[in-house]
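Residue-level structural notes
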Amino acid sequence: MPSSISLRQMHVGETATIADVVAPGELGRRIRDMGLIPGTEVSVVGRAPLQDPVALRLSGVTVTLRNKEADYILVTR
């Protein structure tokens, strides 16, 4: 059985499937509104020089998240 890790722990070039979004309240809603919902495949396409934020590719679009936000998204590889 695959184990879940935080999206923040993924490396550039890796692809995974979102397992859960554990962010509370408004932050959780905002993350889901961006398309980051369980079952969605997501790829890490880049990181800023200081590793924050992270650029993600999902459903044909690129979005960026701060590492604090990425901690609330659990993925399986």
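So, a few notes on the structure that sits alongside this text. (Residues numbered from 1 in each chain as written. Predicted model: local features only at pLDDT ≥ 70, side-chain atom pairs only at ≥ 80, totals over all residues. Heavy atoms only, no water.)

Moving on, we come to the overall build of the chain. Secondary structure summary: the chain contains two helices and six strands in total. Traced from its N-terminal end to its C-terminal end, the chain shows the element sequence β-β-α-β-β-β-α-β. Dimensions of the chain, computed from the C-alpha atoms along their principal axes, are close to 30 × 30 × 20 Å. Within the chain, the fraction of its 77 residues that count as buried is 38%. Within the chain, contacts between residues at least 6 apart in sequence are counted, and of these 59% link residues at least 24 apart. Total accessible area computed for the chain in this model is approximately 4500 Å², and 54% of it derives from carbon and sulfur atoms. Each charge class in the chain can be summarised by its mean position, and for the 9 positive and 8 negative side chains these summaries are 3 Å apart. (Helix = DSSP H or I, 4+ residues; strand = E, 2+ residues; numbered from the N terminus. Buried < 20%, exposed > 50% of the residue type's maximum accessible area, 1.4 Å probe, protein only. Contact = heavy atoms within 4.5 Å. Areas by Shrake-Rupley, 256 points an atom, 1.4 Å probe, with all protein chains shown as cover. Lys, Arg positive; Asp, Glu negative; His and termini not counted. Charge placed at Lys NZ, Arg CZ, Asp CG, Glu CD.)

At the junction of D52 and P53, the peptide bond is cis and its omega measures out at 10° in the coordinates. Here P53 is to be found in the loop between strand 3 (41–47) and strand 4 (54–58). Although it is not a glycine, Q51 sits at a positive phi angle of roughly 70°. Tracing the sequence through the fold places Q51 in the loop between strand 3 and strand 4. By relative accessible area, Q51 is classed as partly exposed at 44%.

This next bit is on the side chain of S43. Of note, S43 is situated in strand 3. Side chain to side chain, S43 and T15 meet in a polar contact 2.9 Å long. Residues within four places of S43 in sequence aside, it is in contact with E14, T15, A55, L56 and R57. (Polar contact = N/O pair within 3.5 Å; in protein donor to acceptor, adjacent residues only side chain to side chain.)

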